[in-house]
Amino acid sequence: MSDMPATRVWSREDFLYPPISPLRTGRLPLDARHLMYWEECGNRRGVPVVFLHGGPGGGSSPDHRRYFDPAFYRIIVYDQRGAGQSTPLGELIDNTTPHLVTDLENLRQHVGIERWMVFGGSWGSTLALAYAEAHPKRVLALVLRGIFLCRPQEIRWFMHDMRTLFPEAWHAFANHLPPEERGDLLTHYYRRLRHPDPAVHMPAAHEWSRYESSCSTLLPDPDLIAHFDEDAIALATARIEAHYFMHDLFLPKDGLLTNLGRIRHLPCTIVQGRYDAVCPIISADDLHRAWPEAEYVVIPDAGHSAREPGIARGLVRATNDLRTMLRR
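Overview of the structure. What you are looking at is a predicted structure, and each value in this text was computed from that prediction instead of being measured.

1. With respect to the overall build of the protein chain
Logical step 1: Counting secondary structure elements, the protein chain contains 11 helices and eight strands.
Logical step 2: Taken against the 2.2 N^0.38 rule, which gives 20 Å for 328 residues, the C-alpha radius of gyration of the protein chain at 19 Å falls within 12% of a compact globule.
Logical step 3: If one aligns the C-alpha atoms of the protein chain with their principal axes, the spans along those axes are about 60 × 55 × 40 Å.
Logical step 4: By the burial criterion, 57% of the 328 residues in the protein chain qualify as buried.
Logical step 5: If you take every contact in the protein chain between residues at least 6 apart in sequence, the share linking residues at least 24 apart comes to 73%.
Logical step 6: Entry remark: accessible area of the protein chain is about 13,800 Å², with carbon and sulfur atoms responsible for 53%.
Logical step 7: When the 36 basic and 40 acidic side-chain charges of the protein chain are each reduced to a single mean position, those positions are 6 Å apart.

Right, dumping it as C-alpha cells:
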C-alpha cells in the first residue's frame, strides 16, 4: 500500500478487503444461560486469526471480516457474552473477564485450532492481552488497536474527563441524570441500565451510546452514531460497559502490564490514533514502553474508531505484514 497523497480524500473502503460471506456459522453453549454466536470466513486451511470486538458489549459486524487477506487467513469472528447475536442480549449474570477468557479458549478448541493470531481493538485489546497472558502457548501474534488497560484513570476519563475535548456530548450525557446524581455518573447510569423497565433502561442506553460514538472519531461520523444508537447495540454496549466499569473490569490492578513478561516473546503490532479521545494515547504509550519489542504505529490523523481511514489502513497493513512471519 502506497503512502496517501495529500490531495486525495481516502475512505476506509480504499484499505479494507472486499466483503465476504461466512463459510459456516455456529452457536456454542457456554453454560446453562449463555449461547455464543461465531462464524468462520476466508481460507479453511489458512493461518487462524480471531477478531475480538470492543465494548464490552459492542458485538461483531460483517466489516470485521475485512481486515484480513481472505486467501491467507482463516478468520474467526464471534460475539462475546450478552453481545450481538449471542444470547441472552445484555445479560450480566456470569459475564466477567475471566468468563470471556475461558469462552475464547473454548471456542478455539471447538473450531479445532491449535494456535491463532489474536486481533482486538478498544476493549478487544484488553481481552486480547488478558487471553494471551492466560494462554500464551495458544497465540501466534497480536494486533492491538485503541489500547485500554482497565485502569481507574481510564474509566474516570471516559465517564467525566472526556468533556475536556467533547463538552457538548458530555453535557448531553450527564444531563440525562438529575443534578444531584451527576457527581457519580457511573453508579447512577448503572442503576438505570439494570432496571427491568425499558422506559428506564433504554433512554439511558441511548444516551450512553450516543456519548461514546460521538467521541470516537476525529471528524463527525453520523453513520457510526446511528449504528450504535440502534436499540440492541445501545442496550448491550451501555449495560455491559457499565457493568464492567463498576467492577474494575474484573481484572487485578495493573495486571495486564504486570503480566506482560508472559507474552513479550510474541510478535505484536499496536495501532493507535493520535487523537483517540475514548482510549487516550497515553495507555498505548505505557503499553509500548512496557513492551518495547512490539511494533508501535501512531496514526497521525485519527481518533478511536477502526472505521477511520488511517486506522483501517494501519490495521490491514499490520495483518498483511505478519503474513511473512506466519508463513514460516
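Anyway, onward from the coordinates.
2. Some remarks on the sheet that holds strand 3 (residues 47-52)
Logical step 1: With mixed pairing, eight strands are arranged side by side in an open sheet as 1-2-4-3-5-6-7-8. Since the sheet does not close on itself, it has two edges, and those belong to strand 1 (24-29) and strand 8 (295-299), each with one partner. Strand after strand, the sheet turns through a mean of 20° between neighbouring axes, direction not considered.
Logical step 2: Where strand 3 lies against strand 4 (residues 73-78), five bridges are found, and the strand directions are parallel. If you follow Val47 over to strand 4, its bridge partner there is Tyr73.
Logical step 3: On the sheet, helix 1 (residues 97-110) packs against strand 1, strand 2 (35-42), strand 3, strand 4 and strand 5 (116-121) and is oriented at approximately 50° with respect to strand 2.

3. Here we look at the environment of His265
Logical step 1: Structurally, the position occupied by His265 is in the loop between helix 9 (255-258) and strand 7 (268-273).
Logical step 2: Here His265 falls in the exposed class, since its relative accessible area comes to 58%.
Logical step 3: With 64 residues separating them in the primary sequence, His265 and His201 have C-alpha atoms 44 Å apart.

4. Describing the pattern of salt bridges
Logical step 1: In total, this model carries 22 salt bridges according to the counting rule given.
Logical step 2: Here Glu13 ties to Arg66 by a salt bridge, and the two come within 2.7 Å at their closest N and O atoms. Taken together, the residues Glu13 in the segment before strand 1 and Arg66 in the loop between strand 3 and strand 4 connect sequence positions 53 residues apart.
Logical step 3: Taking relative accessible area as the criterion, Glu13 reaches 43% and is therefore assigned partly exposed.
Logical step 4: What makes Arg66 buried here is its relative accessible area of 4%.
Logical step 5: The residue Arg65 makes a salt bridge to Glu39 at a minimum N-O spacing of 2.6 Å. With Arg65 in the loop between strand 3 and strand 4 and Glu39 in strand 2, the pair connects residues that are 26 residues apart, well separated along the chain.
Logical step 6: For Glu39, a relative accessible area of 3% gives the class buried.
Logical step 7: Salt bridges sharing common partners tie together Arg12, Glu13, Asp63 and Arg66.

Reading guide: rules and limits
For every chain, the first residue of the written sequence is number 1, and numbering continues from 1 onward in sequence order. The predicted origin of the model limits local features to residues at a pLDDT of at least 70 and limits the giving and counting of side-chain atom pairs to 80 or more, whereas totals for whole chains, interfaces and linings rest on all residues. To get the side-chain values, take all heavy atoms of the structure and skip hydrogens and water. Numbering of helices and strands runs from the N terminus, with a helix taken as a DSSP run of H or I at least four residues long and a strand as a DSSP run of E at least two residues long. Radius of gyration here uses only the C-alpha atoms, and the compact-globule reference equals 2.2 Å multiplied by the residue count raised to the power 0.38. Think of it in three bands: with a 1.4 Å probe and only protein chains considered, a residue is buried below 20% of the maximum accessible area for its type, exposed above 50%, and partly exposed in between. Whether two residues are in contact is decided by their heavy atoms, any of which lying within 4.5 Å being enough. Exposure was quantified through the Shrake-Rupley algorithm and a 1.4 Å probe, taking into account, for residues, occlusion by the shown protein chains and nothing else. When charges are counted, neither His nor the chain ends are considered; positive counts come from Lys and Arg and negative counts from Asp and Glu. Every charge is mapped onto a representative atom, which is NZ of Lys, CZ of Arg, CG of Asp or CD of Glu. Strand pairing is assigned whenever DSSP identifies at least 2 bridges connecting the two strands. Only the stretch in contact is used when fitting a helix axis, every axis being a line fitted to C-alpha atoms; angles between N-to-C directions are given from 0 to 180 degrees. Salt bridge, as used here: a side-chain nitrogen of Lys or Arg that lies within 4 Å of a carboxyl oxygen of Asp or Glu.

Functional significance is not addressed by these values, which are geometric in nature.
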